[in-house]
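Structural features, examined
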Amino acid sequence: MPEYRVEDCIGADHPSLPGHFPGRPLVPGVLILERVVAALRQAIGSSQIVGAPAIKFLRPLFPEQRYTIILQIQVPTAHFRCEAAGQLLAQGSLSLSVPP
C-alpha cells in the first residue's frame, strides 16, 4: 500500500496554543488530527470521515516542531501516523465514505 506524506509545522502563533499549556505550550491533539484530515482530503479529494475507531497520541508535539504525516489509504480505511525526529507522535485509523 503506497504512502502519502505531508511535512507540517504548527506555528507558535496558532490561536489554540496560549491556553494549552501556559509556560510550556503543546499542540493539542485535536489540532494534529485536523491536520491529518486536511492531508487525507488533499490525498483523495472528496471524502467524508464517518468514524475514528482508533487514535493514540503517544508523545507531545511542540509549536515550531517539524513533523511528518504519513497516510496509508485503502478505502474505506485510512491509517495514519505522525512522526518527528524519528519518533512516533500519534497513530490511528479513520473510516471513510467516498462518494461514487
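Being a predicted model, the structure only gives us computed values, none of them experimental.

The rules we used
- Residues numbered from 1 in each chain as written.
- Predicted model: local features only at pLDDT ≥ 70, side-chain atom pairs only at ≥ 80, totals over all residues.
- Heavy atoms only, no water.
- Helix = DSSP H or I, 4+ residues; strand = E, 2+ residues; numbered from the N terminus.
- Buried < 20%, exposed > 50% of the residue type's maximum accessible area, 1.4 Å probe, protein only.
- Polar contact = N/O pair within 3.5 Å; in protein donor to acceptor, adjacent residues only side chain to side chain.
- Contact = heavy atoms within 4.5 Å.
- Pairing = 2+ DSSP bridges.
- Axes fitted to C-alpha atoms, helices over the stretch in contact; angles between N-to-C directions.
- Expected span 1.5 Å × (residues − 1).
- Core = buried A, V, L, I, M, F, W, Y, C linked by side-chain atoms within 4.5 Å.

So, about the side chain of Thr68. Within the secondary structure layout, Thr68 lies in strand β3 (residues 66-74). By relative accessible area, which is 10% here, Thr68 ends up buried. For Thr68, the side chain forms a polar contact with the side chain of Glu7, separated by 3.0 Å. Residues contacting Thr68, with those up to four places away along its chain left out, are Arg5, Val6, Glu7, Arg81, Cys82 and Glu83.

Moving on, we get to the sheet that holds strand β2 (residues 48-57). Read across the open sheet, the 5 strands follow the order β1-β3-β4-β5-β2; overall the sheet is antiparallel. Taken across any chain shown, the strands that pair with only one partner, and hence form the sheet edges, are β1 (3-9) and β2. When the angles between neighbouring strand axes are averaged without regard to direction, this sheet yields 20°. The pairing of β2 with strand β5 (residues 87-97) spans 7 bridges and is antiparallel. Residue pairing in the sheet places Ile49 in a bridge with Leu96 of β5. Here helix α1 (residues 29-44) sits on the sheet and contacts β1, β2, β3, β4 (77-84) and β5; the angle it forms with β3, its principal contact strand, is near 50°.

The step from Val75 to Pro76 runs through a cis peptide bond, and the omega angle for that step is 20°. For Pro76, the location among the structural elements is in the loop between β3 and β4. For Glu64, which is not glycine, the phi dihedral falls at a positive 70°. Within the fold, Glu64 resides in the loop between β2 and β3. The backbone of Ala85 shows a phi angle near 50°, a positive value even though the residue is not glycine.

A few words on α1. For α1, spanning 16 residues, the distance from its first C-alpha to its last is 23 Å, which sits close to the expected 22 Å at 1.5 Å a residue. By the burial criterion, the buried members of α1 are Leu31, Ile32, Val36, Val37, Ala39 and Leu40. Those residues of α1 that are buried lie in contact with β1, β2, β3, β4 and β5. Of the residues trailing α1, Gly45 is marked for its positive phi of about 75°.

Turning our eyes to something else, we now look at the nonpolar core. Residues Tyr67, Ile69 and Cys82 are the most contacted members of the largest nonpolar core, which totals 22 residues. Breaking this core down by element, the ones donating at least two residues are α1, β3, β4 and β5. For this core, the element with the most residues is α1, which contributes 6 residues. Setting aside anything within four residues of it in sequence, one finds Tyr67 in contact with Val6, Glu7, Asp8, Cys9, Ile10, Arg35, Leu61, Cys82, Glu83, Ala84 and Leu89.

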